[in-house]
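# Inside the fold
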Amino acid sequence: MKRILISLATAITLTAALVGCSSGVKLNEVPVENRAASTAGQGATGDASGVAGRGVAPVQIDASDASLAGPQGAAKVIYFDYDSFVVKPEAQGTIEAHARFLNANKNRKLVIEGNTDERGGREYNLALGQKRAEAVRRALGLMGAVDAQIEAVSFGKEKPAISGSDEAAYAKNRRAEFNYR
């Protein structure tokens, strides 16, 4: 008798769960209007892009806008020693240039991407890459850059600059890159 009651309670619970998860929306009864057939692939104004007349303007980036790339003449990469996240003194000028650029362009955002060479485990390299990106972010902050403009991320060994298993390749992959948005 006890088994029958347990089976009945289980069946009722499962039925209630299935009924509670069901949806009353009928997906196959939604009316669909085919606007493309009447204009043969053209937008409301007759252009082939299909965006004019709908309040959508195409994005155009002026290649001569130097501010898209960051400060002129400043390096976009800072290199690190093996198993280190200490910013070298020779990177000071690069950090100062980027801090000045961020202060002059308050609407710009900077993503610092920390990277490592292929040696070491995945988790270790992700942590080391994050420490490198954070070290550069802190250095920019000390130069007056606003912290809200800067994001530090790590790619670890997943995004090598060059492939190879020699010291020259390792040295190029131990880096933090500046990417402006």
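Scroll up to find the structure this text is about.
An account of the accompanying structure is given in this report. As the structure is a prediction and not an experimental result, all values here were calculated from the model.

For the rest of this paragraph, the subject is the overall build of the protein. Secondary structure assignment for the protein yields five helices and four strands. Counted from the first residue to the last, the protein has its helices and strands arranged as α-α-β-α-β-α-β-α-β. Out of the 181 residues in the protein, the part that is buried amounts to 28%. Across the protein, every contact between residues at least 6 apart in sequence was considered, and the portion connecting residues at least 24 apart equals 71%. For the protein, the accessible area works out to roughly 12000 Å², and carbon and sulfur atoms hold 59% of it.

A separate point is the packing of aromatic side chains. If you walk through the whole model with that rule in mind, you get one aromatic pair. With a centroid separation of 5.0 Å and an interplanar angle of 75°, the aromatic rings of Phe101 and Tyr180 are classed as edge-to-face. Of this pair, Phe101 sits in helix H3 (residues 92-104) while Tyr180 is found in strand E4 (residues 175-180), placing the two residues 79 residues apart along the sequence. Taken as a pair, Phe101 and Tyr180 share a single burial class, namely buried. Of note, Lys159 hangs over the ring of Phe155, and the distance from its end group to the ring centre comes to 4.7 Å.

Across the sheet, four strands lie side by side as E1-E4-E2-E3; this open sheet has mixed pairing. Lying at the two open borders of the sheet, with one neighbouring strand each, are strand E1 (77-79) and strand E3 (150-156). When the angles between neighbouring strand axes are averaged without regard to direction, this sheet yields 20°. Relative to E4, E1 runs antiparallel, the two being bridged by three bridges. Considered in E4, the bridge of Tyr79 is made with Arg175. Together, E1, strand E2 (110-115), E3 and E4 form the strand contacts of H3, whose direction differs from that of E4 by roughly 20°.

Let us look at the pattern of salt bridges. Under the definition given, this model contains ten salt bridges. A salt bridge links Arg174 to Glu167, with the nearest nitrogen and oxygen atoms 3.2 Å apart. Taken together, the salt bridges that share partners define one network made up of Asp117, Arg119, Glu167 and Arg174.

When the terminal C-alpha atoms of helix H4 (residues 122-142) are compared, their 30 Å separation across 21 residues agrees well with the 30 Å that a helix rising 1.5 Å per residue should span. Taken together, the buried positions of H4 are occupied by Asn125, Leu128, Gly129, Arg132, Ala133, Glu134, Ala135, Val136, Arg137, Ala139 and Leu140. Residues of H4 that are buried sit in contact with E1, H3, E2, E3 and E4. Note on H4: the residue one or two positions beyond its end, Gly144, has a positive phi of about 105°.

Below, the discussion takes up the side chain of Arg132. For Arg132, the position within the fold is in helix H4. For Arg132, which is buried and forms no salt bridge, the nearest opposite charge comes from Asp83, at a distance of 6.2 Å. Within the structure, the side chain of Arg132 is placed 2.7 Å from the backbone oxygen of Ser84, a separation counted as a polar contact.

Among the six residues in E2, six count as buried, and that is most of the element. Taking every second residue as pointing to the same face, both faces of E2 are buried, with Leu110, Ile112 and Gly114 on one and Val111, Glu113 and Asn115 on the other. Pairing between E2 and E4: six bridges, direction antiparallel. Looking at the pairing, Leu110 lines up with Tyr180 of E4.

With that out of the way, let us pick up the side chain of Arg108. Of note, Arg108 is situated in the loop between H3 and E2. Of note is the side chain of Arg108, whose polar atom sits 3.2 Å from the backbone oxygen of Arg181.

Taken together, Met1, Leu5, Leu8 and Ile12 make up a surface patch of nonpolar side chains, about 470 Å² in accessible area. With respect to the secondary-structure elements, Leu8 resides in helix H1 (residues 2-21).

Reading the values: the criteria
Residues numbered from 1 in each chain as written. Predicted model: local features only at pLDDT ≥ 70, side-chain atom pairs only at ≥ 80, totals over all residues. Heavy atoms only, no water. Helix = DSSP H or I, 4+ residues; strand = E, 2+ residues; numbered from the N terminus. Buried < 20%, exposed > 50% of the residue type's maximum accessible area, 1.4 Å probe, protein only. Contact = heavy atoms within 4.5 Å. Areas by Shrake-Rupley, 256 points an atom, 1.4 Å probe, with all protein chains shown as cover. Phe/Tyr/Trp six-rings, centres within 6.5 Å; stacked < 30°, edge-to-face > 60°. Lys NZ or Arg CZ within 6 Å of the ring centre and 35° of its normal. Pairing = 2+ DSSP bridges. Axes fitted to C-alpha atoms, helices over the stretch in contact; angles between N-to-C directions. Salt bridge = Lys/Arg side-chain N within 4 Å of Asp/Glu carboxyl O. Expected span 1.5 Å × (residues − 1). Lys, Arg positive; Asp, Glu negative; His and termini not counted. Polar contact = N/O pair within 3.5 Å; in protein donor to acceptor, adjacent residues only side chain to side chain. Patch = residues over 30% accessible without salt bridge, like charges linked within 9 Å, V, L, I, M, F, W, Y side chains within 5 Å.

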